[in-house]
Amino acid sequence: MSIVTVQLGQCGNQIGREVFNAICSDVHGAHGLCSRKENESYHDACKERFFSEEASEVPVARAVLVDMEPKVISQTLSIAARSGYWKYDDGSHFCQKQGSGNNWANGYSVHGPRHKEAIMNLVQKEAEKCDRLSGFFTIMSMAGGTGSGLGAFVTQCLRDAFPTSFILNHVIWPYGTGEVIVQNYNSVLTLSHLYQSSDALLVHENDVIHKICAQLMNIKQISFRDVNQVIAHQLGSVFQPTYTAGSGSRYSRNPLGDLMETLVPHPEFKMLGLRNIPQMPENSLAYSTFSWPGLIKHLRQMLIANAKMEEGIDWQVRPPRLDSSIPSTHSTNKQLHFNTSIANLVILRGKDTHSVDLGSFRDPSLYTSWLNPRDAFNAWKTPRAFNKYEKSASLVSNSQFLLKPLDSVVGKAWNMFASKAYIHQYTKFGIEEEDFLDSFTALEQVISSYTIL
């Protein structure tokens, strides 16, 4: 089954291009470290998922590109075409001249309704090219105006037009120090609207990725492209083909459906986080060896201590003992910052994946009490290595990982709202104070639900 990617705004288009690049370089690399037959079926599954074959023989990305200014889209189209490995369809982009001015209301209330028909026609055309449509993967930032405001509007339109298809929103969380003065307003409005229409939100925090670039990749002057390439690598490590428990000897056919079934057992809990190890500069790979027990031990501790990368993990954090009384467990949880999970998915790629012991992820104390640990944990595997790493592991987790950043964004936005700062910028495009209050209420409910896990 195929995934249609919808790239929204500057951030969405730049990351989308890097995602297709990462997938292509993985498929074309001579580093599969598996049999030719295995490599071919991996290749075919990937092609069906992300590309359509055109007469030109160059795979064409199943994607729709949307932005309210032309510059980024024209760069994205030409860089992809120059790669020679893949390209975008010449007719699958929509752009305007004026931008959204970092204003969520402008994207949502003005550009959205005005251009709905043109954008949804492109999406429909792309969906009709798929023999079987798994769903939509949207890529957007929360901080600006087009990705966030128009992105939220387009997500609602996708839900209305394709009620039975899966929608996964990939959301870029802005730097804490701020890129845009109203980014907290934009973030609160985006998240609350996406929560209504999306099946799940997969979140990457800019601050975390920046740290990975600096500390793990040893990049001295970090550009947006460096950040986007790390994000794309992590996304590829999840979306490239794998064998799931139910797929037998064939690669899984329904990636978005499998992801939702595995990780989103209740509509109140839709926030997914992603960790991937190992991550290092390419020139260090030749001098590094990794063992599965070591990788799994690190990944599990990253989960329970809510560490976003394998450096600087707090090894003191332990799961609460299930036999201890509730009050002391709760205080220990908070004191040690233990990260409770609803559901976890581990994806293993490379050599000897069949022999890996994942028992430590099945520990009931990692999970909320209302879900059977057998249902809360899943593993996908493939002997095909990913992007030059002989062994690599990814963890997609539905857990309390975002509580702190979410609480912080809502708190900062509320402080601005209480003093009526910049509200007039939104009301002039039809977003009233009641809309803000509804969004605050919705997110306070999400925070409360995750807090009491």
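Remember, it's a predicted structure, so these values are computed and weren't measured experimentally.

### Brief notes about the packing of helix H6 (residues 183–197) against helix H16 (residues 433–451)
Angle between the axes and distance between the axes are the two parameters that describe a pair of packed helices. Remark: H6 packs on H16, axes separated minimally by 9 Å, with the N-to-C direction vectors making an angle of 70 degrees. Judged by the angle between their axes, H6 and H16 are roughly perpendicular. In this structure, H6 contributes Tyr-185, Val-188, Leu-189, Leu-191, Ser-192, His-193 and Tyr-195 to the contact, and H16 contributes Asp-435, Phe-436, Ser-439, Phe-440, Ala-442, Leu-443, Val-446 and Tyr-450.

### With respect to the environment of Ser-134
The topology assignment puts Ser-134 in strand S7 (residues 133–141). Its relative accessible area of 2% is what places Ser-134 among the buried residues. Other than its neighbours up to four places away in sequence, Ser-134 contacts Met-1, Ser-2, Ile-3, Phe-166, Asn-254, Pro-255, Leu-256 and Gly-257. Engagement of the side chain of Ser-134 in a polar contact is seen with the side chain of Asn-254, the distance being 2.7 Å.

### Some points on the sheet that holds strand S2 (residues 51–52)
Spatially, three strands are ordered S2-S3-S5 in an open sheet, and the strand pairing comes out mixed. For this open sheet the edge positions go to S2 and strand S5 (87–88), each flanked by a neighbour on one side alone. Here S2 pairs with strand S3 (residues 60–61) via two bridges, running antiparallel. The partner of Phe-51 across the bridge, within S3, is Ala-61.

### Considerations on the sheet that holds strand S6 (residues 93–95)
If you walk across this open sheet you meet the ten strands as S6-S4-S1-S7-S8-S9-S10-S13-S11-S12, and the pairing is mixed. Each edge of the sheet is formed by a strand with only one pairing partner; in this case those strands are S6 and strand S12 (377–382). Averaged over all adjacent pairs, the angle separating strand axes in this sheet is 20 degrees, with direction ignored. Bridge count for strand S11 (residues 341–350) against strand S13 (residues 391–399) is nine bridges, and the pairing is antiparallel. Note that in S13 the partner of Arg-349 across the bridge is Ser-392. Where H6 meets the sheet, it contacts S7, strand S8 (166–173), strand S9 (200–205) and strand S10 (271–277), and its direction lies at approximately 165 degrees from that of S8.

### What about the domain arrangement of the protein?
Put simply, an interface is often sized by how much accessible area is lost when its parts join up. When its domains are assigned, the protein resolves into domain 1 (2–271), domain 2 (282–322 + 344–398) and domain 3 (404–452). A C-alpha centroid distance of 24 Å is found between domain 1 and domain 2. Facing the 41 residues of domain 1 at the interface are 27 residues of domain 2. Summed over both sides, the interface of domain 1 with domain 2 buries roughly 3,000 Å², with 61% coming from carbon and sulfur. Inspection of the domain 1/domain 2 interface yields two salt bridges. Among the salt bridges present, the one from Glu-205 reaches Lys-308, with a minimum N-O distance of 3.3 Å. Put simply, domain 1 and domain 2 have 13 residue pairs in polar contact (both at pLDDT 80 or more) between them. Put simply, the parts of the chain that give the side of domain 1 that touches domain 2 at least two residues each are helix H1 (9–28), helix H2 (36–50), S9, helix H7 (206–216), helix H8 (224–239) and helix H9 (255–263). Here the side of domain 1 that touches domain 2 is composed, by residue class, of 21 nonpolar, 14 polar and six charged.

Rules used throughout
Residues numbered from 1 in each chain as written. Predicted model: local features only at pLDDT ≥ 70, side-chain atom pairs only at ≥ 80, totals over all residues. Heavy atoms only, no water. Axes fitted to C-alpha atoms, helices over the stretch in contact; angles between N-to-C directions. Helix = DSSP H or I, 4+ residues; strand = E, 2+ residues; numbered from the N terminus. Parallel < 35°, antiparallel > 145°, perpendicular 65-115°, else oblique. Contact = heavy atoms within 4.5 Å. Buried < 20%, exposed > 50% of the residue type's maximum accessible area, 1.4 Å probe, protein only. Polar contact = N/O pair within 3.5 Å; in protein donor to acceptor, adjacent residues only side chain to side chain. Pairing = 2+ DSSP bridges. Domains from an automatic or database assignment. Buried area = accessible area lost by both parts, 1.4 Å probe. Salt bridge = Lys/Arg side-chain N within 4 Å of Asp/Glu carboxyl O. Nonpolar A, V, L, I, M, F, W, Y, C, P; charged D, E, K, R; others polar.

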